[in-house]
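Notes for the structure review
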Amino acid sequence: MTLQWTAVASFLYVEIGVLLIFCLPFISAQRWQSIFKWNIWNRLSQFWNKGFLTMIIILIVLFLDALREVKKYSTADQSKDSKLLPNMLDHVHMKLFRAQRNLYISGFSLFLWLVMRRVITLINQLATAMGTSAALQTQAESANKAATKYMEDNEMPKQALTDAKGGGGKTQDPEENKLLKKEVQRLTENLKSSTDALKKSKSDLDAMKKQTEGLTKEYERLLQEHQELQNQLDSGHKKDN
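Rules and cut-offs
- Residues numbered from 1 in each chain as written.
- Predicted model: local features only at pLDDT ≥ 70, side-chain atom pairs only at ≥ 80, totals over all residues.
- Heavy atoms only, no water.
- UniProt positions renumbered as here; feature names shortened; annotations may be inferred.
- Salt bridge = Lys/Arg side-chain N within 4 Å of Asp/Glu carboxyl O.
- Helix = DSSP H or I, 4+ residues; strand = E, 2+ residues; numbered from the N terminus.
- Buried < 20%, exposed > 50% of the residue type's maximum accessible area, 1.4 Å probe, protein only.
- pLDDT = per-residue confidence, 0-100.
- Phe/Tyr/Trp six-rings, centres within 6.5 Å; stacked < 30°, edge-to-face > 60°.
- Core = buried A, V, L, I, M, F, W, Y, C linked by side-chain atoms within 4.5 Å.
- Contact = heavy atoms within 4.5 Å.
- Patch = residues over 30% accessible without salt bridge, like charges linked within 9 Å, V, L, I, M, F, W, Y side chains within 5 Å.
- Areas by Shrake-Rupley, 256 points an atom, 1.4 Å probe, with all protein chains shown as cover.
- Arc of directions from axis to C-beta.
- Polar contact = N/O pair within 3.5 Å; in protein donor to acceptor, adjacent residues only side chain to side chain.

Looking at an unreviewed UniProt entry, one finds the protein chain named Endoplasmic reticulum transmembrane protein, with Cyprinus carpio as its source organism. Taken from UniProt, the Sequence similarities (unreviewed entry) comment for the protein chain reads in full: "Belongs to the BCAP29/BCAP31 family." UniProt, in its Subcellular location (unreviewed entry) section for the protein chain, records the words "Endoplasmic reticulum membrane".

Rendered as structure tokens:
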């Protein structure tokens, strides 16, 4: 293999290794997101898009070059001419094999480069969705506790107002009754606002759960495609051997 194709093959193996590391089950999406937020990645982020596009262009050029070589050595005319010279047919077959090998290497490298970027994006989105879901769940629990507390506090003025109306033969102060009514009204409004906030939090939590499930399915689909691609690559290496 020439130097350029050795570099492309090494790049392909690095991509496979990185994707396999991303597939490790004991490393959560939040942990990967914290790793992606390291200062070294922030410094390299300004060059990430340029480097990504540059690598795509290089791989596309190498892919087209390998495709040209495959077509060049697959033509019937050259096969006929090669039969006229000794050992020429074997030489043409060797060139065709190398061209096909380079085509597979560049094609898989280009595909895995796109898959790796997509996997990183999905991991970040999944970690953000999980964090938001946990925050919404905590907020919903807090709103539920506050609503329960308001309901308990609301029972006390109602009981006091009932005692004031019943009286038990005792005369109650009208000003005290007005204050009790205002307190009941205030607590009722607070309870209503807390109930509305709880309903909104629950609806937001359901929406985030649906979004998280969608991201998880998309992530699993990409992992399955990567596994199928890995199996195809392994079978291709076995054929080459």
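What follows covers the pattern of salt bridges. This model, assessed by the stated rule, comprises two salt bridges. Taking the shortest distance from any N to any O, the salt bridge between Asp65 and Arg68 comes out at 2.9 Å. Placement of both Asp65 and Arg68 in helix H3 (residues 39–73) is noted, with a separation of three residues, approximately one turn of the helix. Residue class for Asp65 comes out partly exposed when judged on its relative accessible area of 27%. One salt bridge in this structure joins Glu69 and Arg68, with 2.9 Å as the shortest N-O distance. Accessibility expressed as a relative area gives 18% for Glu69, which makes it buried.

The subject of this paragraph is the confidence of the model for the protein chain. Taken residue by residue, the protein chain gives an average pLDDT of 78. The fraction at 70 or more is 82%. Taken element by element, the protein chain is modelled with least confidence in helix H4 (residues 76–82), mean pLDDT 51, and with most confidence in helix H1 (residues 3–22), mean pLDDT 90.

The next point concerns the packing of aromatic side chains. A full pass over the atoms with the stated rule returns three aromatic pairs. Their ring planes at 55 degrees and their centres at 5.3 Å tell us that Phe11 and Trp113 sit as a pair that is tilted. Taken together, the residues Phe11 in helix H1 and Trp113 in helix H5 (residues 88–166) connect sequence positions 102 residues apart. Trp113 shares its class with Phe11; the two are buried. Ring plane angle 25 degrees and centroid distance 5.5 Å describe the contact between Phe52 and Trp113, whose orientation is recorded as stacked. With Phe52 in helix H3 and Trp113 in helix H5, the pair connects residues that are 61 residues apart, well separated along the chain. Summarising the burial analysis for this pair, Phe52 and Trp113 share the class buried.

Turning our eyes to something else, we now look at the UniProt feature "transmembrane region" (unreviewed entry) in the protein chain. Look at the UniProt record and you will see "transmembrane region" (unreviewed entry) annotated at residues 7–27, 47–67 and 103–120. End-to-end, the C-alpha atoms of residues 7–27 are 30 Å apart, and along that stretch the chain is 76% helix and 0% strand. Regarding residues 47–67, the helix share stands at 100% and the strand share at 0%, and the terminal C-alpha atoms are separated by 30 Å.

Leu12, Leu19, Phe22, Trp113, Val119 and Ile123 are the most contacted members of the largest nonpolar core, which totals 44 residues. Going through the elements one at a time, H1, helix H2 (29–36), H3, H5 and helix H6 (174–240) are the ones with two or more residues in this core. No other element matches H5, which puts 18 residues into this core. Residue contacts for Leu19: discarding those within four places in its chain leaves Leu112, Val115, Met116, Val119 and His226.

Judged by side-chain polarity, Trp38, Ile40, Leu44 and Phe47 come together as a nonpolar surface patch covering roughly 440 Å² of accessible area. Within the secondary structure, Phe47 sits in helix H3.

Once that is clear, we can look at H2. Owing to its 3.6 residues per turn, the α-helix brings residues three or four apart onto one side. Every buried residue of H2 is accounted for by Ala29, Trp32, Gln33, Ile35 and Phe36. Down the axis of H2, the smallest arc covering the buried residues is 160 degrees, so these residues share one side.

Summarising the element assignment, Asn102 is placed in helix H5. A distance of 3.3 Å separates the side chain of Asn102 from the side chain of Arg101, its partner in a polar contact. In this structure, Asn102 is in contact with Trp5 and Ala66, ignoring residues within four places of it in sequence.

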